[in-house]
Amino acid sequence: MMRLAAEGLGGERGGETVFSGISFTLGEGEALTVTGPNGAGKSTLLRVICGLLPAAEGKVQFSGGGDAFPDVASACHYLGHRNAMKAELGVEENLRFWQEFMGEPHLPPFEALEMVGLGDIGHLPFGYLSTGQRRRASIARLLVSYRPVWLLDEPTSGLDKASDAQFADLMGVHLEDGGMIVAATHLPLGLKGARELKMGEAAG
Amino acid sequence: MLALFRRELQIGVRTGNGALTGVLFFLAVVAVIPFGVGPDLNLLARIGPAILWIGALLAGLLGLERLFQADREDGSLDLMLLADSRHMRALTVFVKCCAHWTVNVLPLVVVTPLLGLFMNVEPAGILAATATLAVGTPAITFIGAVGAALAVALPRGGLLVSVLVLPLTIPVLIFGVAAARGAVADPDPFLPPFLILAALMLFFAVIGPLAASLALRWGGD
């Protein structure tokens, strides 16, 4: 049984505490949406969870991942504001690279692209894509390699309604397969049964 | 790791300007020297290897600041750092350095024989300069990676990287030029400085990526 647990987590930016005392536990098939005003530390929280930023206090633990996912960083897909794709390379080339680099192959790149509705433009350089298409291509990155935990930072920014719904379906499937999702968002993601973590209410 | 190397090569080849800028800069440095020094062929032949080395050193520093910056800007760097348990960070940096060297610095080594002719360096000297550059320039890239990692978050870190890195490359320059000159000037030996140069390169191949990966780890935001 995989479990992601945060205990009394605190994060800081440039020496100033942006949040503290955040605790949650996620089991298989559970999702957590993180909401709050701008500057409340949603992105910082996600970066602290996956270990890109050191935690000022508290700790995050991931257990039950076996040999393939021994720690939090290895168990996470991180979808940040930036898409982590090279404009010079084709969409499918980008995905193939990430699949080879990240290991644990899940879907072949062309299938992942079809899942996000980009099946016919895999050969185009990533730089030619529109904002929404870029976002969808980087959502396809979540599908080419398997990770139990998805950390999503404003995943639906730039997406139209149809892609929004499509992405909600993808997240639903991931949860059904026993995955976990932590998403920072302003917009409703259409996740059923997701718990909510409100940040920054005291700080204002 | 092979995938990373291949990707870096593809990007380097498709953007293409890195290698061209370096080669043109190298050419510019070497081509103006004879005009500045005057038409003394013996003098040119004597300082030729040194000029080739200085030119290649400076040209090799060009574009180094983009080594991690480009990946940071599009978010790839985050994912590479996260993959630590599958691909050790230092190894990722090492592979990126190798790819950077292949795309941007290897062309400099390739044009060295031609530029050696400009400087009236005799064939043995040209051969020695090319060989020392082939062995020595990776060290410059490995040292440069540390500077690039430190300056990764700075918007215009190019000059800073060069200033940080240049003092550290001095030993490489000294032994590189010593070996290149040793091949032509009679009493000076070639092999000892050449071997020290190779040792320096191997040393920095270990230290550079390790230090750079630590800098990237703690420079994150």
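Thresholds, definitions, all that
- The numbers attached to residues start from 1 for each chain and follow its sequence in the written order.
- Note on labels: chains are lettered from A, ligands numbered from 1, in written order.
- Selection of residues for local features in this predicted model requires a pLDDT of at least 70, selection of side-chain atom pairs for listing and counting requires 80 or more, and totals for whole chains, interfaces and linings are taken over all residues.
- Hydrogens and waters are ignored; side-chain quantities use all the structure's heavy atoms.
- Note on conventions: DSSP H or I runs of at least 4 residues are helices, E runs of at least 2 residues are strands, and numbering of each starts at the N terminus.
- Exposed residues in this analysis have more than 50% of their type's maximum accessible area, buried residues have under 20%, and partly exposed residues fall in between, with area computed by a 1.4 Å probe over protein chains only.
- In what follows, residue pairs with any heavy atoms lying within 4.5 Å of each other are defined as contacts.
- One requirement defines pairing of two strands: DSSP has to find at least two bridges between them.
- Axis definition: a line fitted to C-alpha atoms, over the contacting stretch in the case of helices. Angles run 0 to 180 degrees between N-to-C directions.
- By definition, a salt bridge exists where a carboxyl oxygen of Asp or Glu is found within 4 Å of a side-chain nitrogen of Lys or Arg.
- The term polar contact refers here to a pair of N or O atoms within 3.5 Å; inside protein, the definition further demands a hydrogen-donor-capable atom paired with an acceptor-capable atom, and it admits residues adjacent in sequence only when both atoms are side-chain atoms.
- Each patch is built from salt-bridge-free residues with over 30% relative accessible area, joining like charges within 9 Å and nonpolar side chains (Val, Leu, Ile, Met, Phe, Trp, Tyr) within 5 Å.
- Only the protein chains shown count as covering a residue, and every accessible area follows the Shrake-Rupley method with a 1.4 Å probe.
- Every definition here rests on a 1 Å grid over the protein atoms only: cavities are sets of points where a 1.4 Å probe fits but cannot get out, pockets are open sets enclosed by protein on both sides within 12 Å along at least five of seven lines, and lining residues have some atom within 4 Å of a point.
- Grid points are joined across faces, edges and corners, and a volume is the space filled by probe spheres set on the points.
- Classification used: nonpolar for Ala, Val, Leu, Ile, Met, Phe, Trp, Tyr, Cys and Pro, charged for Asp, Glu, Lys and Arg, polar for all others including Gly.
- One confidence number per residue, pLDDT, is output by the predictor and ranges from 0 to 100.

Caption draft 1: Spatial organisation of the side chain of B:Lys96. Residues and elements named next belong to chain B. For Lys 96, the location among the structural elements is in helix α6 (residues 89-118). A relative accessible area of 2% places Lys 96 in the buried class. Look past the residues within four positions of Lys 96 in its chain and what remains in contact with it is Leu 4, Glu 8, Leu 67, Phe 68, Asp 71 and Met 80.

Caption draft 2: Geometry of the sheet that holds strand β4 (residues 57-63) of chain A. Residues and elements named next belong to chain A. Here three strands make up an open sheet; going across it, the order is β2-β1-β4 and the pairing antiparallel. The sheet terminates laterally at β2 (16-27) and β4, the two strands that pair on one side only. Within this sheet the neighbouring strands show an average axis-to-axis angle of 20°, counted without direction. Bridging between strand β1 (residues 3-13) and β4 involves six bridges; their strand directions are antiparallel.

Caption draft 3: Spotlight on the pairing of strand β5 (residues 76-79) of chain A. All names here are of chain A. Burial along β5 is two-sided: Cys 76 and Tyr 78 facing one way and His 77 and Leu 79 facing the other are all buried. With four bridges connecting them, β5 and strand β6 (residues 149-153) associate as parallel partners. Opposite Leu 79, over in β6, you have Leu 152 as the bridge partner.

Caption draft 4: A look at unusual backbone geometry. All names here are of chain A. In this structure, Glu 104 is a non-glycine residue whose phi angle is positive, near 50°. Relative to the helices and strands, Glu 104 resides in the loop between α3 (91-102) and α4 (109-115). According to the relative accessible area criterion, Glu 104 is partly exposed, its value standing at 31%.

Caption draft 5: Structural context of the interface of chain B and chain A. Across the boundary between the two partners, chain B contributes 30 residues, which contact 30 residues of chain A. Summed over the shared surface of chain B and chain A, the number is five salt bridges. Salt-bridge contacts for A:Glu100 lead to B:Arg6; the nearest nitrogen and oxygen are separated by 3.1 Å. The tally of links from chain B across to chain A stands at 12 residue pairs in polar contact (both at pLDDT 80 or more).

Caption draft 6: Highlighting a nonpolar patch on the surface. Residue and element names in this part refer to chain B. A surface patch of nonpolar side chains, about 590 Å² in accessible area, is lined by Leu 20, Leu 24, Leu 27, Leu 114, Leu 117 and Phe 118. Counting residues per element, the ones that place at least two in the nonpolar patch are α2 (17-37) and α6. Residue position: Leu 20 is located in helix α2.

Caption draft 7: Main features of empty space enclosed by the protein. Throughout the structure, instances matching the rule amount to four cavities of 30 Å³ or more. There is about 70 Å³ of room inside the second largest cavity. Lining the second largest cavity, in full, are A:Ala73, A:Ser74, A:Cys76, A:His77, A:Tyr78, A:Met102, A:Arg147, B:Leu79, B:Leu82, B:Ala83 and B:Arg86. Of all the secondary structure elements, the ones that give two or more residues to the lining of the second largest cavity are α2 (72-75) and β5 of chain A together with α5 (76-82) of chain B. Broken down by element, the lining of the second largest cavity gets its largest block of residues, three residues, from β5(A). Residue composition of the lining of the second largest cavity, grouped by class: seven nonpolar, two polar and two charged.

Caption draft 8: Inspection of the pattern of salt bridges at higher detail. Using the criterion set out here, one finds 13 salt bridges over all chains in the structure. Residue B:Asp84 is joined to B:Arg89 by a salt bridge in which the shortest nitrogen-to-oxygen separation is 3.3 Å. When its relative accessible area of 29% is taken as the criterion, B:Asp84 is described as partly exposed. Under the relative-accessibility criterion, B:Arg89 is labelled buried at 18%. When salt bridges that share partners are traced, they join A:Lys86, B:Arg7, B:Glu8, B:Asp71, B:Asp74 and B:Lys96 into one network.

Caption draft 9: Region of interest: the confidence of the model for chain B. Residues of chain B with pLDDT of at least 70 account for 99%, and the chain-wide mean is 91. Our summary of model confidence lists the complex with pTM equal to 0.91 and ipTM equal to 0.89.

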